[in-house]
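Reading the structure
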Amino acid sequence: MQNLPTTTSTWQRLKNKEISCSEALKLLVDEQGTVNQALLDRDVSCRFLRHFPDKSSLPPAIPLLLWRGCYYLGSPVTLSPEAIANLAERTGSEIKIIPITDKSYRAWFHTQNLNLDRISSVPLVNPITGEQEQEDISETTTLYLSKAADQIDRIKTLLSGALRNRASDIHLEPMPDGLRVRYRIDGVLREITTLPGDLSRRVVVALKVMSKMDISENRRPQDGRIGEKYASGEHGEMGMDMRVSTLPCVNGEKAVIRLLPRQNPFSNIENLGFSKETLPVYKTWLQQPQGMIILTGPTGSGKTSTLYTSLQTVAKEHVNVVTVEDPVEYVLPAITQTQVHEAAGMTFAAGLRAILRQDPDIIMVGEIRDNETAETAVRAALTGHLVFTTLHTNDAVGAIPRLKDIGPDPGLLSDALLGIVAQRLVRRVCLHCAEPYTPSEADLKVLGLGGQQIQPGTWRRGRGCKACFNSGYLGREALVELLDIDDTVREIIYEGTMTHLHRYLGEINFASFRVAAIEKVTTGLTTVEEVLRVVPRSALYSKSSSQDLTAKLRPLRVSETRN
Ligand SMILES: [Zn+2]
């Protein structure tokens with residue numbers, strides 16, 4: 001799996017007369033032109049490169065061997081006789097060129113310029129074309145790890161690889177055959193590499209040291225934090241929070257590193273995933289002097305991003321913005337954030353009461369779970385405060401009975417509410433390998449569309465490529481359901497039933513998950529499979545969203561009864 005640092009270089013073996021020059025070349029470059037990087041000798045590179053203080057003047061070439069006054073260079077391009085003569089003159093040696101693959105050259109080039117001591121999110125650039133490289137993460141990570149001298153280097157290599165590829169978490173799992181490394185990218189875990197068994201324990205211990213955990217304790221879970229800087233191409237050095245947690249398991253201790261870049265990623269409300277129709281409505285809520293905005297969705301639905309971006313949008317110089325959260329996930333500028341601490345008596349309710357004594361304009365209550373918090377938040381929203389909060393419900397409509405259950409007065413609640421947003425994160429179709437396809441009847445049925453509503457060529461899916469790990473998806477955005485509390489909804493909340501509400505929403509064709517899914521799928525942004533992966537079927541087919549479709553669905557159903 002990994003090349004041990006003790007491997008004797010081919011050049012050494014040639015010098016020791018263990019092998020001939022042609023045998024050495026065969027070992028270094030196989031018939032396909034792939035270079036065995038592990039067998040190269042640093043010394044040959046150093047000697048060769050010494051002749052070229054200005055490396056940019058060099059053509060793409062790997063110094064493979066220096067033998068009897070001749071440099072054997074591997075190159076992915078055909079060098080002109082002048083270029084070869086120039087190399088010969090500069091080095092005072094004969095030059096022989098061995099054709100190698102483009103990929104081998106790029107791998108060598110990147111390891112030449114590798115600084116393992118530094119965490120970096122700078123993407124790899126193809127040295128031949130100057131374009132951003134679509135790296136094969138497993139391959140580069142395994143190669144870089146083989147160059148690492150110690151455990152700290154290995155951990156930094158894994159952190160850099162994760163940052164370059166937009167990973168949010170790194171999972172290190174002891175397995176019988178070694179330490180399995182996986183990255184979570186766009187919400188999905190990807191297998192990257194497996195470190196050899198003898199390193200497994202040592203890497204985890206080094207990580208515990210870095211995150212200031214008790215290394216003598218390995219029978220109970222621990223939490224820690226590493227604050228490190230990392231290099232990013234655009235902004236120089238950036239701060240990063242790395243939350244590390246360990247969990248004792250059968251083969252040792254599993255460690256997970258959560259990567260939270262400290263730069264503020266919550267600046268642009270336009271990029272969250274709201275549609276043309278829902279974004280203006282949401283923005284009007286943010287401009288209200290008072291009222292309550294509720295965001296719902298399970299953990300990992302992106303509601304924290306929407307919440308923080310909204311707070312950043314409203315946090316102007318002349319307003320006092322205060323939050324009570326559990327936990328504070330990101331530290332935001334221009335906002336006072338407080339952390340729930342149950343043991344110390346700092347509950348959501350207590351925090352909220354304390355905040356209200358400090359003349360806030362905008363309040364964010366991390367979550368409403370109990371009657372007292374609900375009552376206080378509703379009253380605050382009716383007395384000149386803009387209040388943001390979250391609930392765990394399947395869809396936007398579900399927030400209404402949930403809040404009523406928790407117990408604030410329905411009259412006050414209906415007056416306080418501005419609107420409810422439910423959301424999920426859907427993966428975007430990978431732009432590098434997207435291709436159009438014709439939806440099947442089953443696809444149409446999921447969205448409740450008739451065949452005549454399809455514009456040919458607009459539905460897309462990813463074929464799968466290196467950039468997206470063959471998944472066909474790259475990046476994510478929110479799928480948003482937005483319930484605007486108009487006068488009718490207000491009245492129904494006060495004295496109506498859920499049936500009334502569903503009937504009314506069906507009539508006005510409100511911005512349901514299904515409407516949002518239709519927009520994103522029919523414009524090729526995401527796929528039906530992806531929508532079904534993240535949106536509960538009950539939310540997709542709720543009474544209010546299927547009302548207007550019955551007519552369109554009926555003919556389809558008839559034709560599909562035999563499926
Ligand atoms: Zn792709």
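Above this text you will find the structure in question.
Owing to the predicted nature of the structure, the values given are computational and were not obtained by experimental measurement.

Time to look at the sheet that holds strand S10 (residues 291-296). Ordered in space as S12-S11-S13-S14-S10-S15-S18, the seven strands form an open sheet in which the pairing is mixed. Edge positions in the sheet fall to strand S12 (336-339) and strand S18 (473-484), since each of these pairs with one other strand and no more. With direction set aside, neighbouring strand axes in the sheet form an average angle of 20°. Across the sheet, helix H10 (residues 303-314) lies against S10, strand S11 (321-325), S12, strand S13 (362-365), strand S14 (386-391) and strand S15 (417-429), angled at about 175° from S14, the strand it touches most.

This brings us to the pairing of strand S6 (residues 188-196). Sheet analysis places strand S5 (residues 178-185) next to S6, joined by eight bridges and oriented antiparallel. Directly across from Ile-185, in S6, lies its bridge partner Val-188. Between S5 and S6, which follow one another and run antiparallel, lie two residues, and Asp-186 among them has a positive phi close to 50°.

Ordered in space as S1-S2-S3, the three strands form an open sheet in which the pairing is mixed. Every other strand in the sheet has two partners, leaving strand S1 (62-67) and strand S3 (94-99) as the edge strands with one partner each. Strand after strand, the sheet turns through a mean of 25° between neighbouring axes, direction not considered. Pairing between S1 and strand S2 (residues 70-75): five bridges, direction antiparallel. Note on S2: the bridge partner recorded for Pro-63 is Leu-73.

Once that is clear, we can look at the coordination of the zinc ion. Distances from the zinc ion to its protein donors, Cys-430 (SG), Cys-433 (SG), Cys-465 (SG) and Cys-468 (SG), fall within 2.3 Å. If you look at the zinc ion, its four donor atoms make angles of 107 to 111° with each other, and the shape they trace is tetrahedral. In terms of primary sequence, the donors binding the zinc ion are separated according to C-x2-C-x31-C-x2-C. Here the residue Cys-430 occupies a position in the loop between S15 and strand S16 (434-436), and Cys-465 occupies one in the loop between strand S17 (460-462) and S18, the gap between them amounting to 35 residues. Of the two residues examined, Cys-430 and Cys-465, each falls in the buried class.

Here the focus is the environment of Thr-488. Positionally, Thr-488 belongs in helix H16 (residues 487-495). Thr-488 sits 17 residues away from Leu-505 along the chain, and the two C-alpha atoms are 9.9 Å apart.

Met-292, Ile-420, Leu-447, Trp-459 and Leu-483 are the most contacted members of the largest nonpolar core, which has 58 residues in total. Not counting residues up to four positions away in its chain, the partners in contact with Met-292 are Ile-368, Ala-377, Val-378, Ala-381, Val-387, Ala-416, Leu-417, Leu-418 and Gly-419. Listed in part, the 33 residues of the second largest apolar core include Leu-159, Val-181, Leu-199 and Leu-259.

The next subject is the side chain of Asp-41. With respect to the helices and strands, Asp-41 occurs in the loop between helix H2 (21-28) and helix H3 (42-49). Here Asp-41 occupies a buried position and makes no salt bridge, while the nearest side chain of opposite charge, Lys-15, is found at 6.3 Å. A polar contact of 2.8 Å, which involves the side chain of Asp-41, links it to the backbone nitrogen of Asp-43.

Let us now look at the pairing of S10. A large share of S10 lies buried, amounting to six of its six residues. Burial along S10 is two-sided: the face carrying Gly-291, Ile-293 and Leu-295 and the face carrying Met-292, Ile-294 and Thr-296 are both buried. For S10 and S14, the ladder comprises six bridges, and the chain directions are parallel. Each bridged residue has a counterpart across the sheet, and for Gly-291 the counterpart in S14 is Leu-386. Of the strand pairs in this sheet, S10 and S15 are connected by five bridges, and their pairing is parallel. Within S15, the residue paired with Ile-293 across the bridge is Gly-419.

A separate point is the pattern of salt bridges. Enumeration according to the criterion identifies 25 salt bridges in this entry. We note a salt bridge from Arg-180 to Glu-173, for which the minimum N-O separation is 3.5 Å. In this pair, the class of Arg-180 matches that of Glu-173, namely buried. Residue Lys-520 pairs with Glu-477 through a salt bridge whose shortest N-O separation is 2.7 Å. A residue pair is termed long-range when its members are at least 10 positions apart, and Lys-520 in helix H18 (residues 513-522) and Glu-477 in strand S18 qualify at 43 residues. For the pair shown, Lys-520 and Glu-477 are each scored as buried. Taken together, the salt bridges that share partners define one network made up of Glu-173, Arg-180, Arg-182, Glu-191 and Lys-254.

Calculation rules
Residues numbered from 1 in each chain as written. Predicted model: local features only at pLDDT ≥ 70, side-chain atom pairs only at ≥ 80, totals over all residues. Heavy atoms only, no water. Pairing = 2+ DSSP bridges. Helix = DSSP H or I, 4+ residues; strand = E, 2+ residues; numbered from the N terminus. Axes fitted to C-alpha atoms, helices over the stretch in contact; angles between N-to-C directions. Contact = heavy atoms within 4.5 Å. Donors = N, O, S within 2.8 Å, 3.2 Å for Na, K, Ca; no water. Tetrahedral: all angles 85-135°; square planar, octahedral: opposite > 155°, others 65-115°. Buried < 20%, exposed > 50% of the residue type's maximum accessible area, 1.4 Å probe, protein only. Core = buried A, V, L, I, M, F, W, Y, C linked by side-chain atoms within 4.5 Å. Lys, Arg positive; Asp, Glu negative; His and termini not counted. Salt bridge = Lys/Arg side-chain N within 4 Å of Asp/Glu carboxyl O. Polar contact = N/O pair within 3.5 Å; in protein donor to acceptor, adjacent residues only side chain to side chain.

What is shown is where atoms sit, not what they do.
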